[in-house]
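# Overview (structure and organization)
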Amino acid sequence: KADVFTFDPGYTSTGSCESKITFIDGEKGELLYRGYPIEQLAEKSHYLEVCYLLLYGELPTKAQMDDFETRVTKHTMLHEQMRNFYSGFRRDAHPMAVVCGVVGAMSAFYHDSTDINDPWQREVATIRLIAKLPTIVAWAFKYAAGQPFVYPRNDLNYAENFLHMCFSVPAEEYKVDPILAKAMDRIFTLHADHEQNASTSTVRLAGSSGANPFACIAAGVACLWGPAHGGANQACLEMLREIGTVDQIPTYIKKAKDKNDPFRLMGFGHRVYKNFDPRAKVMKESADEVLGLLGIENNETLAVAKELEKIALEDEYFVEKKLYPNVDFYSGIILEAMGFPTSMFTPIFALSRTVGWISQWKEMMEESSKIGRPRQLYTGAAFRDYVDVAGR
Ligand code: SDX
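Residues numbered from 1 in each chain as written. Predicted model: local features only at pLDDT ≥ 70, side-chain atom pairs only at ≥ 80, totals over all residues. Heavy atoms only, no water.

The line we're drawing: UniProt positions are given in the numbering used here, feature names are shortened, and annotations may be inferred rather than shown by experiment.
Looking at an unreviewed UniProt entry, one finds the chain named Citrate synthase, with Albimonas pacifica as its source organism. Taken directly from UniProt, the Pathway (unreviewed entry) text for the chain runs: "Carbohydrate metabolism; tricarboxylic acid cycle; isocitrate from oxaloacetate: step 1/2." As stated in UniProt under Catalytic activity (unreviewed entry), the record for the chain gives "oxaloacetate + acetyl-CoA + H2O = citrate + CoA + H(+)".

Structure representation (structure tokens):
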């Protein structure tokens, strides 16, 4: 059905492409969504407003925001048959395997009604993905916990609804603490988009072939899972746990600097930031606030994280290589304090990043370009004739 269309994201030899959505200055540690600094959005905006901004390029009027929020709220339910996908997984399956599978399965339920060359149908698919990811991720959490799925409620906001679907049980409704919901919402905002990172580039490349948006987002989920990318938040908290106490930090710093040791400080370093990741700063403040609220400010893991950051930032290896904490360094501490197991950290990252992925896919589709085809520098054997086995 879809016309053959062309995509050329302008991949140059460095693999870059043009976009109007997110700007990063790695040297200055600056991150802008459609020109607005992440620090201001994290403080003054909320996730669904940031979704509107990323998708349509401008902050919404009240009427536009109300309409957008209503459209999202009305699409939070999954097709009842999608519940069956969960029971096909082992209970101990990593939730990212479940989320990747269920998001991909959306292609079987919504793809046939999505003509990707029709802007309105692209819009419907976009709203469905933003609306349903919290339900898909929450149900992956419930499935692993052996608890019944909890349906979304239309009287709760986006973050409240996600916490409700994760922590309510038939015997007791979860009482959403507004401050925890605000912290959850802020985590969604901080992870919403980040220019052409590995998973976003995966979504763009998949979309350039004409694949449906649900399959493209599933490809993004798969790429995000890696410990060098979105999987770092889980790996970071497990590393902080392994370090255990402040006096063990020098041992791990030494390992991280040893060229022969594959160990890296999880939550540290970045391909683009050669200064502080601005998201890490906001996340650190949020960690203090949330743990203080929960009365666990003397959390040993937070103490190890802060001391590790302090020691690393004074160490010449990290200073010379310009390695700073990134978005994944403190996020896990907050999520664990909220009650999430480490296996849920990356699915929450995927939920948050869905708007970034689909905004970039939308931008690419609107610019109707050719299929992506990164080239290579061939370093293999020169032309040679076949040799029979007798002659080898
Ligand atoms: C995310 O791209 C994005 O925008 C991603 C992301 C997003 O929002 O989408 O920001 C999310 O993925 C954040 C990154 C999460 N990953 C981690 O925290 C895992 C730990 N970090 C690293 O694995 C590493 O820093 C990377 C993968 C993030 C970047 O690795 P690179 O490309 O090797 O980084 P680099 O080229 O800047 O490294 C410079 C040097 C290298 O040593 P040399 O080859 O020069 O001798 O620093 C070393 C690296 O080996 N190094 C580290 C290190 N990170 C880099 N050494 C110890 N510990 C680390 N964490």
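### Looking at the sheet that holds strand 1 (residues 22-25)
Spelled out, the test is: Should DSSP find at least two bridges between two strands, the strands are taken to pair. Helix numbers and strand numbers start at the N terminus; a helix is a DSSP run of H or I with at least 4 residues, a strand a run of E with at least 2.
Strand order in the open sheet made by the three strands is 1-2-3, with antiparallel pairing throughout. Two strands lie at the open edges of the sheet, namely strand 1 and strand 3 (36-37), each paired on one side alone. In the sheet, strand 1 pairs with strand 2 (residues 30-33) via four bridges, with the strands oriented antiparallel. Paired with D25 across the strands is E30, a residue of strand 2.

### So, the side chain of Q234
The line we're drawing: For this analysis, residues touch if any pair of their heavy atoms sits within 4.5 Å.
Considering the arrangement of structural elements, one finds Q234 in helix 11 (residues 232-243). Apart from the residues within four sequence positions on either side, Q234 is in contact with H94, T342, S343, F345 and T346.

### Regarding the environment of Y36
Among the structural elements, Y36 can be located in strand 3. Taking the C-alpha atoms as reference points, Y36 and K322, 286 residues apart in sequence, are found 25 Å from one another. The contact partners of Y36, leaving out residues within four places of it in the chain, are L31, L41, L53 and L59.

### Here's the deal with unusual backbone geometry
How we decide: Here's how the labels work: a residue is buried when its accessible area is under 20% of the maximum for its type, exposed when over 50%, partly exposed in between, all with a 1.4 Å probe on protein chains only.
Located in the positive-phi region is R34, a residue other than glycine, with phi close to 50°. Relative to the helices and strands, R34 resides in the loop between strand 2 and strand 3. Here R34 falls in the partly exposed class, since its relative accessible area comes to 22%. Non-glycine residue E195 carries a positive phi angle of around 60°. Following the sequence through the fold, E195 ends up in the loop between helix 8 (178-190) and helix 9 (198-208).

### Section: the pattern of salt bridges
Test applied: A pair is scored as a salt bridge if a Lys or Arg side-chain nitrogen falls within 4 Å of a carboxyl oxygen belonging to Asp or Glu.
Counted by the stated rule, this structure contains 19 salt bridges. The residue K322 makes a salt bridge to E27 at a minimum N-O spacing of 3.6 Å. Taken together, the positions of K322 in the loop between helix 15 (316-320) and helix 16 (328-338) and E27 in the loop between strand 1 and strand 2 put the pair 295 residues apart, joining distant regions of the chain. E27 gets classed as partly exposed once you look at its relative accessible area, which sits at 48%. Here R153 ties to E173 by a salt bridge, and the two come within 2.3 Å at their closest N and O atoms. With R153 in the loop between helix 6 (119-145) and helix 7 (158-167) and E173 in the loop between helix 7 and helix 8, the pair connects residues that are 20 residues apart, well separated along the chain. The network of salt bridges with shared partners includes D67, R71 and E123.

### Structural notes on the environment of F23
Positionally, F23 belongs in strand 1. Residues F23 and K74 lie 51 residues apart in sequence; the distance between their C-alpha atoms is 32 Å. Ignoring any residue separated from it by four or fewer positions in sequence, one finds F23 in contact with E30, L31 and L32.

### Considering the site of the ligand
Our working definition: When we say a residue is near a molecule or strand, we mean one of its heavy atoms is within 4 Å of it. Residues adjacent in sequence count toward polar contacts only when both atoms are side-chain atoms; beyond that, a polar contact is any pair of N or O atoms within 3.5 Å, and within protein one must be able to donate a hydrogen and the other to accept it. Using only the protein atoms, space was sampled on a 1 Å grid; points where a 1.4 Å probe fits but cannot get out form cavities, open sets with protein on both sides within 12 Å along at least five of seven lines form pockets, and lining residues are those with an atom within 4 Å of a point. Should more than half of a molecule's atoms lie within 2 Å of a pocket's or cavity's grid points, that molecule is taken to sit in it. Residue type decides the class: Asp, Glu, Lys and Arg count as charged, Ala, Val, Leu, Ile, Met, Phe, Trp, Tyr, Cys and Pro as nonpolar, and the leftover types, Gly among them, as polar.
The environment of the ligand is formed by 24 residues, the closest being H194, R264, H270, R271 and K274. For the ligand, an oxygen atom lies 2.5 Å from a polar atom in the side chain of K274. Measuring from an oxygen atom of the ligand, one finds a side-chain N or O atom of N326 at 2.9 Å. More than half of the atoms of the ligand fall within 2 Å of the grid points belonging to the largest pocket. Residue composition of the shell around the ligand, grouped by class: nine nonpolar, seven polar and eight charged.

### Overview of empty space enclosed by the protein
To keep things clear, this is the line we draw: Grid points are joined across faces, edges and corners, and a volume is the space filled by probe spheres set on the points.
With the rule as written, the count across this model stands at one cavity of 30 Å³ or more. By volume, the largest cavity amounts to about 100 Å³. Taken together, 16 residues form the lining of the largest cavity, with T73, T76, N157, Y158 and N161 sitting closest to its centre. Those elements that place two or more of their residues in the lining of the largest cavity are helix 3 (62-73), helix 6 and helix 7.

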